[in-house]
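# Understanding the architecture of this molecule
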There are 4 protein chains.
Amino acid sequence: MRPSEWFCEWPTPATAHLFRLRQMVATARTPYQQAQIVDTDAYGRMLVIDGQIQSAAADEYIYHEALVHPTMLLHPAPRRILVAGGGEGAVLREIFRHPAVEQAVMVDIDREVVALCRAHLSDWHQGSFDDPRLELVIADARGYLAETPRRFDVMIMDLCDPCEGGPARNLFTRQFYEIVRARLAPGGLAVLQAGDVGVSMSESHAVIFNTVGQVFAQPRSYRAFIPSYCTEWGFVMAARDAALGACPPDLISRRIAERRLHLRFYDAETHAAMFALSKDFRCRRARASRVLLDDSAP
Amino acid sequence: MRPSEWFCEWPTPATAHLFRLRQMVATARTPYQQAQIVDTDAYGRMLVIDGQIQSAAADEYIYHEALVHPTMLLHPAPRRILVAGGGEGAVLREIFRHPAVEQAVMVDIDREVVALCRAHLSDWHQGSFDDPRLELVIADARGYLAETPRRFDVMIMDLCDPCEGGPARNLFTRQFYEIVRARLAPGGLAVLQAGDVGVSMSESHAVIFNTVGQVFAQPRSYRAFIPSYCTEWGFVMAARDAALGACPPDLISRRIAERRLHLRFYDAETHAAMFALSKDFRCRRARASRVLLDDSAP
Amino acid sequence: MRPSEWFCEWPTPATAHLFRLRQMVATARTPYQQAQIVDTDAYGRMLVIDGQIQSAAADEYIYHEALVHPTMLLHPAPRRILVAGGGEGAVLREIFRHPAVEQAVMVDIDREVVALCRAHLSDWHQGSFDDPRLELVIADARGYLAETPRRFDVMIMDLCDPCEGGPARNLFTRQFYEIVRARLAPGGLAVLQAGDVGVSMSESHAVIFNTVGQVFAQPRSYRAFIPSYCTEWGFVMAARDAALGACPPDLISRRIAERRLHLRFYDAETHAAMFALSKDFRCRRARASRVLLDDSAP
Amino acid sequence: MRPSEWFCEWPTPATAHLFRLRQMVATARTPYQQAQIVDTDAYGRMLVIDGQIQSAAADEYIYHEALVHPTMLLHPAPRRILVAGGGEGAVLREIFRHPAVEQAVMVDIDREVVALCRAHLSDWHQGSFDDPRLELVIADARGYLAETPRRFDVMIMDLCDPCEGGPARNLFTRQFYEIVRARLAPGGLAVLQAGDVGVSMSESHAVIFNTVGQVFAQPRSYRAFIPSYCTEWGFVMAARDAALGACPPDLISRRIAERRLHLRFYDAETHAAMFALSKDFRCRRARASRVLLDDSAP
């Protein structure tokens, strides 16, 4: 007899991914989005926003280590950190592993999603919401950053894809990245999740990369395969003050050791794998010239 | 109104991938397997064997370049090539780009699948079946290799996964790899497709890697993300005479230039991305100790 | 290993029916609709228009006998017959079984669908398109009926549901039924397919019934379960000159015998089953008061 | 954006029905079967046993009225009632509407399923489990009936299909029906759910009908379309002492009035619709000659 409940994700109208369900844990329709937490056989618990898998118990470590550590390690002493989005709390978890961190400001627009994650995704946040170094701000990240006088050493943008029509519409434009850059301390670094790069690279990664490149000198793309997404996911890293060069493997290994990080996915060889881009990836990225502006988004 | 025919692939009983169909082109139930050719919206034409996608028009170049070129380029002058499996003819297509190639022997057990591919996958083989350098042998690859006195510079095993219960059962064992090694000319190299490495790496890649390592000194794993597979796919490369070391990027670039190869996916940076393995990949591979023997397979 | 192509019908956004495919036989995108012919394991060949199953080899006899014979038998001598729609040719097949028939005029708007059916659905039409009694008119049924001076003994409307946005939009309104009534000969009868009556009776059957009742005295609903539709299907029968009363079983049996009809589904007991309506059916039908007018449709 | 969890029922390996989920309410894996309660958009709450829909909020009234009332009304004064299976409590609900009922003995083998239904299907049982006339026995129905000295006026078998490999294996055999007949009081009547009669009537209905006919004189088949099952469902009614004749509509109407029954689905016209069988139904039933015996089941 066949088990028979399925979660169905539609990355495009012509493709679908099905995951057999054990349980539908919780649902919230907030003013901003629809959030669901489901338990699947293949990947365990999943957070789904507006029908799109955000992270899954079995491999969220890949996504979150890939998003957080390359940038955190590249900074010699990341003390003040900004997280935009990242409601699961797993970005915080990874940030707080770095001993230099004195304060992390997390700005998320959706109080209900944060509460949902706090209640049901304890394996994700592992208590990070209770860390005294955390300042949690429920607000629009753009509005917050436009007004705060603070400066950050590392800024991590873990925001839903702008093409989805969600609340992140103004968080992928040139104007937003100008605000971000203005909030970086000297030597500061920024990183953002930057879309699906698998299925013939939906234009969105290239557009994000181009847009960031209007504000920052030579940002860098990198990517990791996330099994539960069934695709490779892209990221973009940028530095306030200088073009980003290649990161020597020795530096990564030394800092991982100094900071006593015990990671599952990321190390120097993983870094090399993520930052080396295949020829077709580079070609496709080069073909797209569009830039997102406030008026044109998405 | 929604178009409504779908091809459904079940990588596991708890997951499925759906692809909207334009057409079911052809089907063959051979003595060895069930083969289908379908046209999908997302990835164009697909060859499906026993329910598993073998390659798709939109991204077969990734799979076939990844399978063929790292090994062909590492060999200074690959003249005689053996292909086991590879019914689509796309492995041949990539081989014949290398000007040194004098002869390619392709051994495939399933005459009907080869005929089906020849008829319907002309974008794959691009006439390679008519190349005078090709010798096509319809036979069991193991039996052929056990009896032929020939030696090959490069041997490429493009065989269906052994776990599927298909005809490739005896083509993944230590005894088979001993036969392969015996058929390599001095300086010869072998490469094989080696299973899904995405979904928490089904044990099969590690088992193949371990088994190859019983016969060859220090084989190397590498992998590429294949969008239509919705996962990363693994490969194992091995050398007859010595441990495989890292391949200098300069060497790859120089040989690509010398051989005037115009590739879409593979180059020196792609090579670096494929051969750098993430920490969790290496850990999971290290945990599996099983080896496939003739008696134990699969 | 699981066969893996499926035809998927979406009767509502919250339900779907899947049928395993053997083959996609033919597709046509005409100026009016999208037509597909597919072969399924469960029901054999199917004609699908705009994503909705029209009829299937395994049970089209139920639909077509239910549509044609109750009305044909109620008429003592049906000589001139009008069919609107009915591209498969199976309505014709059933009509021509009645020995009194001298002429059948079939009016279908979609030349390509008729050609597709003629080519691929020979088990449906069984040569009826070549019957000398047939006059095939490719035209809009409404325009044709508004202009023809002909009168018919029986008029059969086998038209796609008006709610689907297809070409039948003006063929379910009060004004259309007035045209139909005007074209009936004295003693003439009309019948029409009248929508899904299963899933809590989508309002459409009741609306059709009400609209017919604006023009004809006391039409009658009846229904039959069509397995490949996964639901009961409704029909409405109406008489030009008088209210329709119950049809005595003896009359049906006698006329079936006189006309030497060899039917698979329909007989006097089947008639009783189709015309007896459950209490909830009658209640739901009574609750809907809407009528379709040319301006209001659908 | 598309809601994305689905319950999938597989009536056959070549067909599936999908229902969009709102919630998975509860699951129990008992010693006998797997039970699930899910909330769907199309039919509300559903009880699913071993992957097969048992009843749904939107149309369980059809199934339960069809199962209970024809037999209860045919009996002039049903005082002692036996229910085998029927864990939802909805059979009880319908039984207790008949004022003559003094005692209902419900025998169900699966304590956990009864508890699950009691907790989550209050719209089904509507408190019937607390009716003082109920005697609930957790036991194998066959063992109970073989040993009890009691006699019943009406016996209702609401048991899972024997072909499913569930606990009902010995409850569809000739020997079981002999036990049932022995437990009927003079004038007593029995009725049983008797399988899918839609998809070309899986042989099971005919086999049940034949087997009952080995023990009872001239049982009668009847059927009702159950929307959430996507098919027509069959029932078999039998009388201890005499062949079952047709039931006059007047009798049904009079007894409904006398017993002050307010029903949604069943009345005299519904009865006529259910008991009139289409020609193909009768033919298919007549073709099957198999009988279930204890040794041969299923």
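Residues numbered from 1 in each chain as written. Chains lettered and ligands numbered in written order. Predicted model: local features only at pLDDT ≥ 70, side-chain atom pairs only at ≥ 80, totals over all residues. Heavy atoms only, no water.

## Some points on the overall build of chain A
Counting its secondary structure elements, chain A contains 10 helices and 12 strands. For chain A, the spread of C-alpha atoms along the three principal axes comes to 60 × 45 × 40 Å. Within chain A, residue pairs in contact and separated by at least 24 positions form 68% of the contacts whose partners lie at least 6 positions apart. A total of about 10600 Å² of accessible surface is found on chain A, and carbon and sulfur atoms cover 48% of it. Positive and negative charge centroids in chain A, built from 33 and 36 side chains respectively, lie 5 Å apart. (Helix = DSSP H or I, 4+ residues; strand = E, 2+ residues; numbered from the N terminus. Contact = heavy atoms within 4.5 Å. Areas by Shrake-Rupley, 256 points an atom, 1.4 Å probe, with all protein chains shown as cover. Lys, Arg positive; Asp, Glu negative; His and termini not counted. Charge placed at Lys NZ, Arg CZ, Asp CG, Glu CD.)

## Thoughts on the side chain of D:Arg20
Residue placement: D:Arg20 occurs in strand E2 (residues 15-29). Given a relative accessible area of 15%, D:Arg20 falls into the buried group. At a separation of 3.2 Å, a polar atom in the side chain of D:Arg20 contacts the main-chain carbonyl oxygen of C:Pro13. (Buried < 20%, exposed > 50% of the residue type's maximum accessible area, 1.4 Å probe, protein only. Polar contact = N/O pair within 3.5 Å; in protein donor to acceptor, adjacent residues only side chain to side chain.)

## A short note on the relation of the copies chain B and chain A
You can overlay chain B on chain A at an RMSD of 0.0 Å; the transform is a turn of 180° with a shift of 0.0 Å along its axis. Between the two chains, the operation in question is that of a two-fold axis. Looking at chain B, 100% of its interface residues are interface residues in chain A too, so the copies touch through the same face. (Least-squares fit on C-alpha atoms with pLDDT ≥ 70 in both.)

## Brief notes about empty space enclosed by the protein
A complete count under the given rule lists 14 cavities of 30 Å³ or more for this structure. Size it by volume and the largest cavity reaches roughly 420 Å³. Around the largest cavity, the lining comprises 30 residues; the ones closest to its centre are C:Gln54, C:Gly86, C:Asp158, C:Leu159 and C:Cys160. Mapped by element, the contributors of at least two residues to the lining of the largest cavity are strand E4 (44-49), strand E5 (52-56), strand E6 (80-85), strand E7 (103-108) and helix H3 (111-120) of chain C. Tallied by class, the residues present in the lining of the largest cavity amount to 18 nonpolar, seven polar and five charged. Computed from the structure, the second largest cavity encloses a volume of approximately 320 Å³. As for the second largest cavity, its lining consists of 16 residues, and the residues nearest its centre are A:Cys8, A:Leu18, B:Leu18, C:Leu18 and D:Leu18. Contributing elements (two or more residues each) for the lining of the second largest cavity: strand E1 (5-12) of chain A, strand E1 (5-12) of chain B, strand E1 (5-12) of chain C together with strand E1 (5-12) of chain D. (1 Å grid on protein atoms, 1.4 Å probe; cavity = no way out; pocket = protein on both sides within 12 Å on 5 of 7 lines; lining within 4 Å. Points joined across faces, edges and corners; volume = space filled by probe spheres on them. Nonpolar A, V, L, I, M, F, W, Y, C, P; charged D, E, K, R; others polar.)

## A look at the pattern of salt bridges
Counted under the stated rule, the structure contains 79 salt bridges over all chains. Between B:Arg282 and A:Glu269 there is a salt bridge, and its shortest N-O distance comes to 3.6 Å. A residue pair is termed interchain when its members come from two chains, as with B:Arg282 in helix H10 (residues 279-287) and A:Glu269 in helix H9 (residues 268-275). Judged by its relative accessible area of 31%, A:Glu269 is partly exposed. Within this structure, A:Glu60, A:Arg93, A:Glu94 and A:Arg97 form a network of salt bridges that share partners. (Salt bridge = Lys/Arg side-chain N within 4 Å of Asp/Glu carboxyl O.)

## A word on helix H3 (residues 111-120) of chain D
Residues and elements named next belong to chain D. Every buried residue of H3 is listed here: Val-113, Val-114, Leu-116 and Cys-117. Looking down the long axis of H3, one finds its buried residues gathered within 160° of arc, a one-sided arrangement. With respect to the buried face of H3, the exposed residues turned more than 90 degrees away are Arg-111 and Ala-119. Looking at the packing, one finds that the buried side of H3 touches E2, strand E3 (34-40), strand E4 (44-49), strand E7 (103-108), helix H4 (122-125) and strand E8 (134-138). (Arc of directions from axis to C-beta.)

## A few points about the confidence of the model for chain A
For chain A, per-residue confidence averages 93 on the pLDDT scale, and residues scoring 70 or more make up 95% of the total. The complex model carries a pTM of 0.90, and its ipTM stands at 0.94. (pLDDT = per-residue confidence, 0-100.)

## Here's the deal with the packing of aromatic side chains
Per the stated rule, a full pass over the model turns up 38 aromatic pairs over all chains. Ring geometry for A:Tyr63 against A:Phe235: centres 5.7 Å apart, planes inclined by 45°, an arrangement best described as tilted. Of this pair, A:Tyr63 sits in helix H1 (residues 60-74) while A:Phe235 sits in strand E12 (residues 231-239), and the two are 172 residues apart along the sequence. On the basis of an interplanar angle of 55° and a centroid distance of 5.9 Å, the ring pair of B:Phe176 and B:Tyr177 is categorised as tilted. Classification of B:Tyr177 as buried rests on a relative accessible area of 1%. An aromatic cluster of three or more residues is present, and its members are A:Tyr63, A:Tyr222, A:Tyr229, A:Trp233, A:Phe235 and A:Phe275. The ring of D:Tyr61 is capped by D:Arg264, whose NZ or CZ atom sits 3.8 Å from the centre of that ring. (Phe/Tyr/Trp six-rings, centres within 6.5 Å; stacked < 30°, edge-to-face > 60°. Lys NZ or Arg CZ within 6 Å of the ring centre and 35° of its normal.)

## A few points about the environment of A:Leu293
Residues and elements named next belong to chain A. Looking at the secondary structure, you find Leu-293 in the segment after helix H10 (279-287). When the C-alpha atoms of Leu-293 and Arg-183 are compared, they prove to be 19 Å apart, with 110 residues separating the residues in sequence. Excluding its chain neighbours within four sequence positions, the residues that come into contact with Leu-293 are Thr-173, Arg-174 and Gln-175.

## Structural notes on the sheet that holds strand E12 (residues 231-239) of chain C
Residues and elements named next belong to chain C. In spatial order, the strands read E8-E7-E6-E9-E10-E12-E11; together these seven strands make up an open sheet with mixed pairing. Every other strand in the sheet has two partners, leaving strand E8 (134-138) and strand E11 (220-226) as the edge strands with one partner each. Strand after strand, the sheet turns through a mean of 20° between neighbouring axes, direction not considered. As defined by bridge partners, E11 adjoins E12 across seven bridges and the pair is classed as antiparallel. Paired with Ser-221 across the bridge in E12 is Val-236. (Pairing = 2+ DSSP bridges. Axes fitted to C-alpha atoms, helices over the stretch in contact; angles between N-to-C directions.)

## With respect to the sheet that holds strand E9 (residues 152-158) of chain D
All names here are of chain D. One open sheet holds the seven strands; their spatial order is E8-E7-E6-E9-E10-E12-E11, and the pairing between them is mixed. At either margin of the open sheet sits one strand with a lone partner, and together these are E8 and strand E11 (220-226). Averaged over all neighbouring strand pairs, the angle between strand axes comes to 20°, with direction disregarded. Both E9 and strand E10 (residues 184-196) contribute to a ladder of five bridges, which runs parallel.

## Here's the deal with the environment of A:Asp196
All names here are of chain A. Tracing the chain through its elements places Asp-196 in strand E10 (residues 184-196). Among the polar contacts made by the side chain of Asp-196, one reaches the main-chain amide nitrogen of Gly-198 at a distance of 2.6 Å. Here the side chain of Asp-196 touches Thr-231 through a polar contact of 2.8 Å, side chain to side chain.

## A few points about the interface of chain B and chain A
One widely used convention gives an interface's size as the accessible area the parts lose upon coming together. Counting from both sides, the interface comprises 39 residues of chain B and, opposite them, 39 residues of chain A. Here chain B meets chain A over a buried area of about 3000 Å², counting both sides, of which 57% is carbon and sulfur. Among the residues of chain B in contact with chain A, B:Ala14, B:Phe225 and B:Lys279 are the three that bury the most area, contributing 18% of the side total. The tally of links from chain B across to chain A stands at four salt bridges. Linking chain B with chain A are 20 residue pairs in polar contact (both at pLDDT 80 or more). Among the elements of the structure, E1, strand E2 (15-29), helix H1 (60-74), strand E11 (220-226), strand E12 (231-239), helix H9 (268-275) and H10 of chain B are those that each provide at least two residues to the side of chain B that touches chain A. (Buried area = accessible area lost by both parts, 1.4 Å probe.)

## Focus: the pairing of strand E6 (residues 80-85) of chain B
Each regular strand carries side chains that alternate between the two faces of the sheet. Residue and element names in this part refer to chain B. With five of its six residues buried, E6 lies for the most part within the structure. Alignment of E6 against strand E7 (residues 103-108), held across five bridges, turns out to be parallel. Paired with Arg-80 across the strands is Gln-103, a residue of E7. Between the parallel elements E6 and E7, the chain passes through helix H2 (residues 90-95) in a crossover that is right-handed. (Right-handed = clockwise from strand over helix to strand, strands pointing away.)

## Details of the nonpolar core
Membership of the largest hydrophobic core comes to 220 residues, with the highest contact counts inside it found for A:Ile95, B:Ile95, C:Ile95 and D:Ile95. Those residues in contact with A:Ile95 that lie beyond four places of it in its chain are A:Val68, A:Met72, A:Ile81, A:Val83, A:Val101 and A:Ile156. (Core = buried A, V, L, I, M, F, W, Y, C linked by side-chain atoms within 4.5 Å.)

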